[in-house]
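Coordinate inspection notes
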Amino acid sequence: MKKILHIISSPRGDVSFSIKLGNAIIEKIRAAYPGSTVKESNLLKKHFPHLEEAHLTSFYTPAESRTPENLAAVKHSDEAIQDIFDADIIVIGAPLYNFSIHSTLKAWIDHICRAGVTFKYDENGPEGLIKGKKVYIALSSGAIYSDGPMKGYDFVAPYLKALLGFIGMTDITVFRVEGSSYPGMADTALEKGINSIEIA
């Protein structure tokens, strides 16, 4: 059995293709690993705050020296990071908006990237500290970005792979629902995306 963490960043609820694709990935993981558990983290409901001075101050204040204000400011970050360390598999729903990720997902990322906690610097350079995780990205887009003339406009998959790899999560697979806004493709985009899912 596996512990699965499902990160949701779409504001579209039940009609969201990234949520549907993420759920389909999880169904296949559970079929491959019976008894697996799922923890859902819906970033639209948790409202991770954008980083402010209070957050950065708390990040760099030693734990034993934190004030009640520091503890309140670091709470979101500590909980999100613990969720990742507790999980074996992370499924990240990432709809493509304006060629990039939704701001809720960026806020979550800013809270999980912490020097000395999820990465460190030494004489050899940076080292990611989150090891041994499998990550699946459920990427949805109205156009086709996996290939063709729009490929260079996809700043979701390359960014997430680079960022997650920087903090140690290098085993990443991307599945897509794409072309959902194209006539003649919309009706089959989700089915095609789900059929592409293969669990290692």
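Residues numbered from 1 in each chain as written. Predicted model: local features only at pLDDT ≥ 70, side-chain atom pairs only at ≥ 80, totals over all residues. Heavy atoms only, no water.

**Topic: the packing of helix α1 (residues 17-32) against helix α7 (residues 186-195)**
Between α1 and α7, the shortest axis-to-axis distance is 10 Å and the interhelical angle comes to 30 degrees. What the angle tells us is that α1 and α7 run roughly parallel. The handedness of the crossing between α1 and α7 comes out as right-handed. Touching F17, K20, L21, A24 and K28 of α1 are L190, G193 and I194, all from α7. Broken down by class, the residue content of the contact of α1 with α7 amounts to five nonpolar, one polar and two charged. (Axes fitted to C-alpha atoms, helices over the stretch in contact; angles between N-to-C directions. Helix = DSSP H or I, 4+ residues; strand = E, 2+ residues; numbered from the N terminus. Parallel < 35°, antiparallel > 145°, perpendicular 65-115°, else oblique. Left-handed = near helix turned anticlockwise from the far one by under 90°. Contact = heavy atoms within 4.5 Å. Nonpolar A, V, L, I, M, F, W, Y, C, P; charged D, E, K, R; others polar.)

**Section: a nonpolar patch on the surface**
A contiguous nonpolar patch, built from L51, L56 and Y60 and spanning about 310 Å² of accessible area, is present on the exposed surface. Along the chain, L56 turns up in helix α3 (residues 53-59). What makes L56 partly exposed here is its relative accessible area of 40%. (Patch = residues over 30% accessible without salt bridge, like charges linked within 9 Å, V, L, I, M, F, W, Y side chains within 5 Å. Areas by Shrake-Rupley, 256 points an atom, 1.4 Å probe, with all protein chains shown as cover. Salt bridge = Lys/Arg side-chain N within 4 Å of Asp/Glu carboxyl O. Buried < 20%, exposed > 50% of the residue type's maximum accessible area, 1.4 Å probe, protein only.)

**Side note on the sheet that holds strand β1 (residues 3-8)**
Here five strands make up an open sheet; going across it, the order is β2-β1-β3-β6-β7 and the pairing parallel. Each edge of the sheet is formed by a strand with only one pairing partner; in this case those strands are β2 (37-42) and β7 (171-178). Direction aside, neighbouring strands of the sheet carry axes that sit 15 degrees apart on average. One ladder, built from six bridges, connects β1 with β2; its direction is parallel. What sits directly across from I4, in β2, is V38. Of the strands in this sheet, β3 (89-95), β6 (134-141) and β7 are in contact with helix α6 (residues 157-166), which crosses β7 at around 160 degrees. (Pairing = 2+ DSSP bridges.)

**Some details on the pattern of salt bridges**
Under the defined criterion, the tally for this structure stands at eight salt bridges. Here E127 ties to K131 by a salt bridge, and the two come within 3.5 Å at their closest N and O atoms. Where salt bridges share partners, they join K120, E127 and K131 into one cluster.

**Quick word on the packing of aromatic side chains**
One pass over the full model with this rule turns up five aromatic pairs. Their ring planes at 40 degrees and their centres at 4.9 Å tell us that F99 and Y153 sit as a pair that is tilted. With F99 in the loop between β3 and α5 (103-112) and Y153 in the loop between β6 and α6, the pair connects residues that are 54 residues apart, well separated along the chain. Residue F99 is classed as partly exposed on the basis of its relative accessible area of 32%. Their ring planes at 15 degrees and their centres at 5.9 Å tell us that Y136 and F175 sit as a pair that is stacked. Taken together, the residues span a long stretch of sequence, with Y136 in strand β6 and F175 in strand β7 at a distance of 39 residues. Pair check on accessibility: Y136 and F175 agree, each one buried. An aromatic cluster is defined as three or more aromatic residues linked by ring pairs; in this entry it consists of F99, Y145 and Y153. Lying across the ring of Y33, K2 places its NZ or CZ 5.0 Å from the centre. (Phe/Tyr/Trp six-rings, centres within 6.5 Å; stacked < 30°, edge-to-face > 60°. Lys NZ or Arg CZ within 6 Å of the ring centre and 35° of its normal.)

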